[in-house]
Amino acid sequence: MLDAVVVGSGPNGLSAAIALAQAGCKVVVFEANATAGGGVRSAELTLPGFTHDTCSAVHPFAIASPFWRTLPLARHGLEWIVPSVMLAHPFDDGSALAIESSLEATMAALGADGGAYGRTVGSVVNDWPQLERAVLGPFTIPRHPLKLGLFGLHALRSADALAASVFSGERTRALFAGIAAHSMRPLDRPLTAGVGLTLAAMCHVAGWPIPRGGAQSITTALVRYLQSLGGEVVTGSKVTAIDKLPAAKAVLCDLSPKPLLEIAGHVLPRRYRRKLQQYRYGAGVFKVDWALSEPIPWTAEPCRRAGTIHLGATHAEIARSESAVWSGVTSDRPFVLLSQPTLFDPGRAPAHKHVAWAYCHVPSGSNIDMLDRVERQVERFAPGFRARVLARSVITPAGIEAGNANLVGGDIGAGVIDLRQFLTRPTRHTYSTPVKGLYICSAATPPGMGVHGMCGYFAATRALSEVFGVTVRPAC
């Protein structure tokens, strides 16, 4: 009998397997796809020699992950690249605001809003060692209640309210709106300010890095380390029923509620099944990858040095786009998130060529073709962009779910982030289920979305305690 089986080889599944293997457990990971990684993979999506990230591309929480910091991933090939400019936000007048790794330099560039940025984002940066577990861990009694309380005063607010009350300039409000829009919720909803503050702070805590060679490099390093511990990853092996797995003392599923119910619903109590059926997924994404003959010709100079670009000139424009999506419609000017990795990692494309990655939010499961609208947004701030496109790869929300069953309707966050679901992802039991030895370790559990492995880590520590009687000192 195996000690543990993990279903799904996303970053959380692999992290769970590693934590179990570190404790001496014999672990096997089963993955339906031909390659491991879940949403952390790379492939030649357009032309030969052009390496694109199939889902996630920029990883602020990965480099800051309390668990991954303890792992020898560099020895297994993982190398982080931190761009000189973390994030740029262009405007229609040809200028742009930029967030650099230096908090002081960023504050200076924001002019009159520099002090406000320091008091909000800067305070999160300074307090991050005390906030880390609360943000990247399960809901529990805080170790630093005063620090967490001060953070919560801003974090529980809407991005609209925080931006209007804290920043005096429209440009800074637009910058903050773009960061908060990573929440994939309307910016007038609670908690969207917390997403904006946390992600902005990550620019200065550890950066918004990219892995050399593409997202697959993260997965490859995790798999290699797991194998060095004696763990095994079996790809191309779709699990259709939980009771068809090899006998094991513990089963951990890197699955969100819908695919979990498909393989385990028949062994779960009716009341718990209903709870999982009530889990709410959010908006989807429409994603585009480009093979380019030259770099994107941004008008604003900071954009030519940035790893990530946010395309939506004003706070009002971004807010309209996100609210439209939540109402089930699409915007003519969608908010677009774009990454241009080959400016910093030229090995991902043939000599002097480039790749770019972008997506916009759309209603769940939408089949609307947003390509022209996405490219018009890029062309708006980089005239001549389309002339440099050699090939395109487009994926709709349905395609995203087909490639990763956890991302229902194309929801890359694996579930709505609101107050109720924030505290009870996916139920109040978090990682545990009513079935002895069966656990959930996906991004549908705390701390939720992001490439950091912490959901898998905390699920594994619970399984180690409950099944194997092993207490693990928390990574954070």
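Right above here is the structure, for reference.
Keep in mind it's a predicted model, so treat the numbers as computed, not measured.

What counts, and at which threshold
- Residues numbered from 1 in each chain as written.
- Predicted model: local features only at pLDDT ≥ 70, side-chain atom pairs only at ≥ 80, totals over all residues.
- Heavy atoms only, no water.
- Helix = DSSP H or I, 4+ residues; strand = E, 2+ residues; numbered from the N terminus.
- Buried < 20%, exposed > 50% of the residue type's maximum accessible area, 1.4 Å probe, protein only.
- Pairing = 2+ DSSP bridges.
- Axes fitted to C-alpha atoms, helices over the stretch in contact; angles between N-to-C directions.
- Core = buried A, V, L, I, M, F, W, Y, C linked by side-chain atoms within 4.5 Å.
- Contact = heavy atoms within 4.5 Å.

Peer 1: Quick one: what's the story with unusual backbone geometry, residue by residue and with numbers?
Peer 2: Residue Pro447 is reached from Pro446 by a cis peptide bond, and omega for that bond is 5°. Along the polypeptide, Pro447 turns up in the loop between β16 (438-440) and α16 (454-468). Notably, Ala414 is not glycine yet its phi reads approximately 55°, a positive angle. Tracing the chain through its elements places Ala414 in the loop between α14 (397-403) and α15 (419-423). A residue is classified by how much of its surface remains accessible, and Ala414, at 4% relative accessible area, is buried. At Thr430, a residue that is not glycine, the phi angle is positive and equals roughly 50°. Its location among the elements puts Thr430 in the loop between α15 and β16. Take Thr430: its relative accessible area is 11%, and that puts it in the buried class.

Peer 1: Describe in detail the sheet that holds strand β14 (residues 354-362), supporting the description with residues and values.
Peer 2: Taken in spatial order, the seven strands make up an open sheet running β7-β6-β12-β13-β14-β11-β15, and their pairing is mixed. Among the strands making up the open sheet, the edge pair consists of β7 (96-100) and β15 (389-395). Strand-to-strand, the axes of this sheet are offset by a mean angle of 20°, without reference to chain direction.

Peer 1: Please give an account of the nonpolar core that cites residues and values.
Peer 2: Within the largest apolar cluster, 100 residues are counted, with the highest numbers of intra-cluster contacts made by Trp68, Trp208 and Leu252. Once residues lying within four places of it in the same chain are set aside, the contact partners of Leu252 are Val5, Val6, Val7, Ala16, Leu20, Tyr439, Cys441, Ala459, Ala460 and Ala463. Formed by 30 residues, the second largest nonpolar core is a distinct cluster that contains Phe286, Met370, Val374 and Val378.

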